[in-house]
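Each chain is listed here by its residues.
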Amino acid sequence: MTMPELMYREALNQALAEEMERDANVFLIGEEVGRYNGAFKVSQGLLDRFGSARIIDAPISELGFTGMSVGAAMVGLRPVVEMMTWNFAILAMDQIVNNAAKLRHMSGGQLRCPIVFRGPGGAGGRLSSQHSQALEANYAHFPGLKVIAPATPADAKGMLKAAIRDENPVIMFEGERLYALKGEVPEGEHVVPLGKADVKREGTDVTIITWSRMYYFCMEAAEQLAKEGISAEVLDLRTLRPLDEEAILASVRKTNRVVIVEEGWALAGVGASVVDLIQSKAFDDLDAPVGRVTGLDVNMSYAANLENATQPDAPKIIDAVKKVLYREGA
Amino acid sequence: MASPYSKEQLLTMYRKMYLIRRFEERTGQQYTLGKIAGFCHLYIGQEAVAVGPNEAIRPDDYMLSAYRDHGQPLARGSDAGMVMAELFGRGTGYSKGKGGSMHIFDIEHHFYGGYGIVGGQIPLAAGMAFASRYRNEDRVTVCYFGDAAANQGSFHETLNMASKWKLPVIYICENNRYGMGTAIARTSAVPEIYKRASAYGMRGEPVDGMDCLKMYEAVKDAAAYCRAGKGPVLLEANTYRFRGHSVADPATYRSKQEVEEERKNDPIPKLRDYAIKNKLAVDSDFEAIDEEVKAQVDAAVKFADESPEPALEELWRDTIVEEGEQDVRPRERVLGVKVTNWPKYPSGQELKVTWDLEPREQAEQADKKAGLSR
């Protein structure tokens, strides 16, 4: 039986609609989510279906409506806060990290904050510095948050459903450039547990660890490497906090060589923590130092050639893989 | 004219103000003894601002505050020993010693916390009020913040939303005239905070924050207004802290004369004099309360002092809610009493959302007026 093909944005839309149908405590708030049907059309048609008390057009006041939603979650509602992009959520960071992430702790276990903050992250197309940045490392840093970044439409649906049902604040990075991408998505009750990585491609020679949009470059690289007789395993982390340590270590023990690919900057990036995990718990299984491919340590440019050069791509990943395999030309 | 208050009402308010005063005096003393650490902001002088409003709302209405947050939970009925234990950093505190002075939470008494970032709690209160409307409950939320927080973006962003969506929230600005050591007039283009409400088309009023009964009346009125669905209210309680910003602050930025002048306004003798003048209480009533409260505060300090530090395993609890995990009910955990009035909310299946934030007809009319088509 074949599953219906849906765009990433449609998969998210389906998850939202199903969860709102299932639980009247769930509401969506954000800029342009209602009458405009969403800046990236994730909330298409939801206002007509659920009404203005549940699909709420917020003023452009990121800190204000984020904090308001945290307050609603403190007394049992289950808000989904759409950040038009994670770049704007920087304005709301105080509410996310100082309140949502810490309420349970500061109250000694009296309070919970079941809330999802979601929106597009990563580079846009030719949007320059303020709109093109992968910020997941910022949030992965904070205890009290869960951080997810699904790559495929099926994971996007399943993980959003899991996030809405989670009793903790969940930060969800969607790929701004993934929204129109299509893939098979199971209908109805399809819930992907948070905290579980996924081996998207089996391999024996090297593990490529990644998440979100970079997954596609990794798959492209793996296909090309296969033609050269190199068998690459692609491990999609999907959740960045908590890290699926077991899945990472299992793959390292299988292939003994690792390249981590992330869109964000190298310094204090998520990949740095994965390297730390591997070297502290699986050092003896490594046949080469862990390789990393990251965004360059610069701000994003508008010029097409500079923009491209700033980001990881398949050729850079192939180079990194050859380096950890000690192959020529790397 | 006869007083509209009963003896019981006046003595309840007096007892609570007096408890906060004695509690805070002992807190300052324990801080200097090294039993309490961190930032510790005393409420002495501002007692009327916590007590009057609390008596004017229902026990199940929500309340939250900033970092000067010992007074409000005591006014709500929190256990003084457990508040003191929290200040001492003991496992018997409301937050198991993880929150400290600036983060007192007592959900049983619907006190949703003290917050350490200036203005950070203002949007939370709007969200709690939003939830009340969403569920068609007639609860109000009372949110305290200081004068300096009125210059934060959170204040402006929230007032705009709260007014637009007519959220049942009462904002009480505790204007004690200083944001830490800086006089409000030095940092504010409009130092009369209540006036800022008009910028958002909402109701704003000044209140004498040194008078418990005036605070009571203002909040009683505001709560009725909120419950009637008319929208939020901003009250500016003009008050004064007799001590520095925190225990560590000698408050040299204000004159002795100023403090002495303000001390003449002490809200506690003011209420006592009112009750006596109106023949609702006699000296012996207050003497009895004084003794009871002193004993209560002594017991609170003793309880905190004799309580153990939190177990080290506590480090790993209360960060992420594990599946099926229950919420901690502090008095149940510490004192073994059955806590029955823990908030209960309708499940997603029971809940019917009838509220229309932006009624379709209104939206269509607005579109028509603007020459737009949907």
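Above this text sits the structure in question.
Residues numbered from 1 in each chain as written. Chains lettered and ligands numbered in written order. Predicted model: local features only at pLDDT ≥ 70, side-chain atom pairs only at ≥ 80, totals over all residues. Heavy atoms only, no water.

Caption draft 1: Quick look at the packing of helix 5 (residues 122-134) of chain B against helix 6 (residues 153-164) of chain B. Residues and elements named next belong to chain B. Viewed as axis vectors pointing N to C, helix 5 and helix 6 meet at an angle of 20 degrees, and their least axial separation amounts to 8 Å. Here helix 6 runs roughly parallel to helix 5, going by the angle between their axes. As for how helix 5 packs across helix 6, the hand of that crossing is left-handed. Residues Ile 122, Pro 123 and Ala 126 of helix 5 form the contact with helix 6, whose participating residues are Ser 154, Phe 155 and Thr 158. (Axes fitted to C-alpha atoms, helices over the stretch in contact; angles between N-to-C directions. Helix = DSSP H or I, 4+ residues; strand = E, 2+ residues; numbered from the N terminus. Parallel < 35°, antiparallel > 145°, perpendicular 65-115°, else oblique. Left-handed = near helix turned anticlockwise from the far one by under 90°. Contact = heavy atoms within 4.5 Å.)

Caption draft 2: Region of interest: empty space enclosed by the protein. All names here are of chain A. One pass over the full model with this rule turns up three cavities of 30 Å³ or more. The volume enclosed by the largest cavity comes to roughly 120 Å³. Along the walls of the largest cavity sit 13 residues, with Ser 132, Gln 133, Glu 263, Trp 265 and Met 300 positioned nearest its centre. Counting residues per element, the lining of the largest cavity draws most heavily on strand 13 (residues 258-265), which supplies three residues. The class makeup of the residues in the lining of the largest cavity is five nonpolar, seven polar and one charged. (1 Å grid on protein atoms, 1.4 Å probe; cavity = no way out; pocket = protein on both sides within 12 Å on 5 of 7 lines; lining within 4 Å. Points joined across faces, edges and corners; volume = space filled by probe spheres on them. Nonpolar A, V, L, I, M, F, W, Y, C, P; charged D, E, K, R; others polar.)

Caption draft 3: Region of interest: the packing of helix 1 (residues 7-32) of chain B against helix 10 (residues 267-277) of chain B. Residue and element names in this part refer to chain B. Following both chains from N to C, one finds helix 1 and helix 10 inclined at 160 degrees, their axes separated by 10 Å at the closest point. Relative to helix 10, the element helix 1 lies roughly antiparallel. The two elements helix 1 and helix 10 meet at a crossing, and its hand is left-handed. Contacts between helix 1 and helix 10 involve Leu 10, Met 13, Tyr 14, Met 17, Tyr 18 and Arg 21 on the former and, on the latter, Pro 267, Ile 268, Leu 271, Arg 272, Tyr 274 and Ala 275. Grouping the amino acids of the contact of helix 1 with helix 10 by side-chain chemistry returns ten nonpolar, no polar and two charged.

Caption draft 4: The interface of chain B and chain A, seen in detail. The partner chain A presents 51 residues to the 56 residues of chain B that form the contact. A combined buried area of about 4,300 Å² lies between chain B and chain A, and 59% of that area is made up of carbon and sulfur atoms. Inspection of the region where chain B meets chain A yields four salt bridges. Linking chain B to chain A there are 26 residue pairs in polar contact (both at pLDDT 80 or more). Per-element tally for the side of chain B that touches chain A: the top contributor is helix 5 of chain B, with eight residues. Considered class by class, the residues forming the side of chain B that touches chain A number 30 nonpolar, twelve polar and 14 charged. (Buried area = accessible area lost by both parts, 1.4 Å probe. Salt bridge = Lys/Arg side-chain N within 4 Å of Asp/Glu carboxyl O. Polar contact = N/O pair within 3.5 Å; in protein donor to acceptor, adjacent residues only side chain to side chain.)

Caption draft 5: Structural detail: the side chain of Asp 249 of chain B. Residue and element names in this part refer to chain B. Assignment of secondary structure puts Asp 249 in the loop between strand 8 (233-238) and helix 9 (256-263). With no salt bridge to any partner, buried Asp 249 finds its closest opposite charge in Arg 241, at an N-O distance of 4.4 Å. Within the local environment of Asp 249, its side chain forms a polar contact with the backbone nitrogen of His 245, the two atoms lying 2.6 Å apart. Of note is the side chain of Asp 249, whose polar atom sits 2.7 Å from the backbone nitrogen of Ala 251. The residues contacting Asp 249, other than those within four sequence positions of it, are Arg 241 and Gly 244. (Buried < 20%, exposed > 50% of the residue type's maximum accessible area, 1.4 Å probe, protein only. Lys, Arg positive; Asp, Glu negative; His and termini not counted.)

Caption draft 6: Representation of the sheet that holds strand 6 (residues 146-148) of chain A within the structure. All names here are of chain A. Taking strand neighbours across the sheet as the criterion, the seven strands line up as 3-2-4-5-7-6-12 in an open arrangement whose pairing is mixed. Edge positions in the sheet fall to strand 3 (55-57) and strand 12 (239-241), since each has one partner strand and no second. Pairwise comparison of adjacent strand axes, ignoring direction, gives a mean angle of 20 degrees for this sheet. (Pairing = 2+ DSSP bridges.)

Caption draft 7: Region of the structure containing the layout of surface pockets. All names here are of chain A. Here the largest pocket defines a volume of roughly 860 Å³. In terms of lining, the largest pocket is formed by 33 residues, of which the most central are Lys 146, Gly 195, Arg 241, Pro 242 and Leu 243. Contributing elements (two or more residues each) for the lining of the largest pocket: helix 7 (136-140), helix 8 (153-165), strand 12 and helix 11 (270-281). Looking at the lining of the largest pocket, the element that brings in the most residues is helix 11, giving four residues.

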